[in-house]
Amino acid sequence: MSANKKTLHVTWLGEQRYLGVSESGHQLLIDNSPVKVGVSPMEALLGALATCTAYDVVEIMKKRRTPLSRYRIEVEGERADTDPKRYVRITVRHIAAGEGITAEALEKAAHLSHEKYCSVAASLNSEIVVETALDSEA
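The paragraphs below set out a description of the structure included in this document.

Attention shifts here to the packing of aromatic side chains. Within this structure, the stated rule accounts for zero aromatic pairs. Above the ring of Tyr87, the side-chain terminus of Arg79 is found at 6.0 Å from the ring centroid.

Shown next, in the form of structure tokens:
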């Protein structure tokens, strides 16, 4: 498989609960059942955006010789009222501390992530071709 392609195999577990397994064998529980034991698909999307940009910001700050001692992201998605109830606005709040950390430096790192490096943010800002293929099991 090409290094530019990623796969995730998703298996239905019953109700609205699904187990995703990546090509590296890592698991992700997605759950939209009445009694949830995992995150919903839309929560997973927020989590993907938050962790993608977090990775970038931590690396950028480290390269600038101002490593973070504490860091978290609060991400909030506002959804449309009508189907498909997509996100119409996502707010990503970066909260960080560390020696020599300034709001300006953190803002610059977050901007670089969102505008240049974060593949999830870029995917959310683009038109993605989604193809549907069908197979049946005997």
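Continuing now.
What follows concerns the pairing of strand β3 (residues 27-31). Bridging between strand β2 (residues 17-22) and β3 involves five bridges; their strand directions are antiparallel. Residue pairing for β3: Val21 is matched across the bridge by Gln27. The antiparallel pairing of β2 with β3 creates a hairpin that spans four residues between the two strands, and Gly25 there sits at a positive phi of about 95 degrees.

Examined against the element boundaries, Asp31 turns out to sit in strand β3. Classification of Asp31 as buried rests on a relative accessible area of 0%. In this structure the side chain of Asp31 is engaged in a polar contact, spanning 2.8 Å, whose partner is the backbone nitrogen of Ser33. Engagement of the side chain of Asp31 in a polar contact is seen with the backbone nitrogen of Val37, the distance being 2.7 Å. Those residues in contact with Asp31, other than ones at most four positions away along the chain, are Gln16, Arg17, Lys36, Val37, Gly38, Val39 and Ser40.

Rules used throughout
Each chain carries its own residue numbering, running from 1 in the written order of its sequence. Reporting of local features is limited, given that this is a predicted model, to residues whose pLDDT is at least 70; pairs of side-chain atoms are given and counted only at 80 or more, and all residues count toward the totals for whole chains, interfaces and linings. Here the side-chain values reflect all heavy atoms present in the structure, with hydrogen atoms and water set aside. Stacked, edge-to-face and tilted labels apply to pairs of Phe, Tyr and Trp rings (six-membered ring for Trp) whose centres lie within 6.5 Å, assigned for plane angles under 30 degrees, over 60, and everything in between, in that order. Note on criteria: charge over ring means Lys NZ or Arg CZ within 6 Å of the ring centre, with the direction from the centre no more than 35 degrees off the ring normal. A pair of strands is considered paired only if DSSP assigns at least 2 bridges between the two. By definition, any uninterrupted DSSP run of H or I lasting at least four residues is a helix, any uninterrupted run of E lasting at least two residues is a strand, and each is numbered from the N terminus. Classification of residues uses two cut-offs on accessible area relative to the type maximum, computed with a 1.4 Å probe and protein chains only: under 20% is buried, over 50% is exposed, and between them is partly exposed. Under the rule applied, a polar contact is a pair of N or O atoms within 3.5 Å (in protein, one hydrogen donor and one hydrogen acceptor; residues adjacent in sequence only if both atoms are side-chain atoms). By definition, residues are in contact when any of their heavy atoms lie within 4.5 Å.

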